[in-house]
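Topology and contacts: notes
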Amino acid sequence: MYEHKMAVVILSDLLDWQKLNVTAFLASSVAIALPQTHGAPLVSASGTAYLPFLKHPILIYEAETGEQLRRAFNRASDRGLSIGIYTRELFTTKNENENVVEIAKFSDTALNLVGIILYGASKEVDKATDKLRFHR
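Attention here is on the structure that accompanies the text. Please read all numbers here as calculations on a predicted model, not as lab measurements. (Residues numbered from 1 in each chain as written. Predicted model: local features only at pLDDT ≥ 70, side-chain atom pairs only at ≥ 80, totals over all residues. Heavy atoms only, no water.)

Thoughts on the pattern of salt bridges
Two side chains that carry opposite charge are able to pair once their charged atoms sit near each other. For the record, the criterion: The working definition used for a salt bridge is a side-chain nitrogen of Lys or Arg within 4 Å of a carboxyl oxygen of Asp or Glu. For the purposes of this entry, the term helix denotes a DSSP run of H or I that reaches at least four residues, the term strand denotes a run of E that reaches at least two, and both are numbered from the N terminus. Three labels apply to residues, based on accessible area from a 1.4 Å probe with only protein chains included: buried if under 20% of the type maximum, exposed if over 50%, partly exposed otherwise in between.
Following the criterion strictly, the structure yields nine salt bridges and no others. As a salt-bridge pair, Arg133 and Glu62 come within 2.7 Å of each other at their nearest N and O atoms. One end of the pair, Arg133, is in strand E7 (residues 133-134); the other, Glu62, is in strand E4 (residues 58-63), with 71 residues separating them in the sequence. Since its relative accessible area comes to 36%, Arg133 is described here as partly exposed. In this structure, Arg71 and Asp130 form a salt bridge, with 3.8 Å as the shortest nitrogen-oxygen distance. Highlighted residues: Arg71 in helix H2 (residues 66-78) and Asp130 in the loop between helix H4 (122-128) and E7, separated in sequence by 59 residues. Relative accessible area serves as the criterion here: at 29%, Arg71 is assigned to the partly exposed category. Residue Asp130 is classed as partly exposed on the basis of its relative accessible area of 34%. Connected through salt bridges with shared partners, the residues Glu62, Glu64, Arg133 and Arg136 form a single ionic network.

This is the structure in structure tokens:
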């Protein structure tokens, strides 16, 4: 059993490419911000070093409604988990500066969330994602 884990929660009504894109960006947010999540480089028998994975499991959940996604977000906030966000407006931005400007327009309660990633103690992540089902 892992002491820590990550959970990605994605709105189920997104297009497949959007779900994959959001998941990739959210996973990168944990990798960038939290060095303790970094695994060791993978080295083949040939001596070639490959990029490491995140060393904690990543579970992918689907939220059928914005309310389910917001519930997980609020429960994660209440538990002090590390949270990454992706809003619907970010599908229209073209670069990092636009992303930063777009997010700054909204308070936490007004964010139009389409995906989040949570990182922390396994039990706390489980409590935040309670009642969500794994993505199919």
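So, the pairing of strand E6 (residues 113-121)
Using the following cut-off: In this scheme, strands are said to pair when DSSP sees at least two bridges between them.
In terms of burial, E6 is a largely internal element, eight of the nine residues being buried. Sheet topology places strand E1 (residues 4-11) next to E6; seven bridges connect them, and they run antiparallel. Within E6, the residue paired with Val9 across the bridge is Ile116. Direction of pairing for strand E5 (residues 82-87) relative to E6: antiparallel, over a ladder of six bridges. Bridge pairing in E6 places Tyr86 opposite Gly115.

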